[in-house]
Amino acid sequence: MDILTIEEVQLESYVTRIMLDVGVPAHLKGYHYLRDAIMLSSRDMEAVSSVTKLLYPTIAKHFRTTDQKVERAVRNAIEVS
């Protein structure tokens, strides 16, 4: 395992812990989308400034869904928590 991979695993673990502490239910699709969005944003700050044009479409492509479904699932996960 190289250093970048170790950092990615640590980041994912950290983000997961925080999301669970905040109360985002892990069984929701939005939980997984939100976790990936946070991790992607930490690597590329441009994604933060272009949520609907860059962040949601990137996540949608990764999970093979639409950006509208990603947006709705993220909103739902935030509302539930």
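Residues numbered from 1 in each chain as written. Predicted model: local features only at pLDDT ≥ 70, side-chain atom pairs only at ≥ 80, totals over all residues. Heavy atoms only, no water.

### Some details on the pattern of salt bridges
Okay, step 1: Summed over all chains, the structure comprises 3 salt bridges.
Okay, step 2: Here Glu12 ties to Arg35 by a salt bridge, and the two come within 3.7 Å at their closest N and O atoms. Taken together, the positions of Glu12 in helix H1 (residues 3-22) and Arg35 in helix H2 (residues 29-43) put the pair 23 residues apart, joining distant regions of the chain.
Okay, step 3: The residue Arg75 makes a salt bridge to Glu71 at a minimum N-O spacing of 3.0 Å. Separated by 4 residues within a single helix, Arg75 and Glu71 lie in helix H5 (residues 67-80), roughly one turn from each other.
Okay, step 4: The class for Arg75 is partly exposed, based on a relative accessible area of 45%.
Okay, step 5: Under the relative-accessibility criterion, Glu71 is labelled partly exposed at 24%. (Salt bridge = Lys/Arg side-chain N within 4 Å of Asp/Glu carboxyl O. Helix = DSSP H or I, 4+ residues; strand = E, 2+ residues; numbered from the N terminus. Buried < 20%, exposed > 50% of the residue type's maximum accessible area, 1.4 Å probe, protein only.)

### Quick word on the side chain of Arg35
Okay, step 1: Its relative accessible area of 15% is what places Arg35 among the buried residues.
Okay, step 2: Ignoring sequence-local partners within four residues, the contact set of Arg35 consists of Glu12, Val15, Thr16 and Met19. (Contact = heavy atoms within 4.5 Å.)

### Regarding a nonpolar patch on the surface
Okay, step 1: The grouping of Tyr14, Ile18 and Val22 at the surface amounts to a nonpolar patch, some 290 Å² of accessible area in total.
Okay, step 2: Here Val22 is to be found in helix H1. (Patch = residues over 30% accessible without salt bridge, like charges linked within 9 Å, V, L, I, M, F, W, Y side chains within 5 Å. Areas by Shrake-Rupley, 256 points an atom, 1.4 Å probe, with all protein chains shown as cover.)

### Description of the nonpolar core
Nonpolar side chains in soluble globular proteins tend to end up buried together.
Okay, step 1: Met19, Val24, Tyr33, Leu55, Ile59, Val70 and Val74 are the most contacted members of the largest nonpolar core, which has 19 residues in total.
Okay, step 2: Going through the elements one at a time, H1, H2, helix H4 (51-63) and H5 are the ones with two or more residues in this core.
Okay, step 3: Residue contributions to this core peak at 6 residues, all from H2.
Okay, step 4: In this structure, Tyr33 is in contact with Ile59, Phe63, Thr65, Lys69, Val70, Ala73 and Val74, ignoring residues within four places of it in sequence. (Core = buried A, V, L, I, M, F, W, Y, C linked by side-chain atoms within 4.5 Å.)

### Considering the confidence of the model for the protein chain
Okay, step 1: With 95% of its residues at a pLDDT of 70 or more, the protein chain has an overall mean of 92.
Okay, step 2: Put simply, helix H3 (residues 46-49) is where the protein chain has its lowest mean pLDDT, 86, and H5 is where it has its highest, 96. (pLDDT = per-residue confidence, 0-100.)

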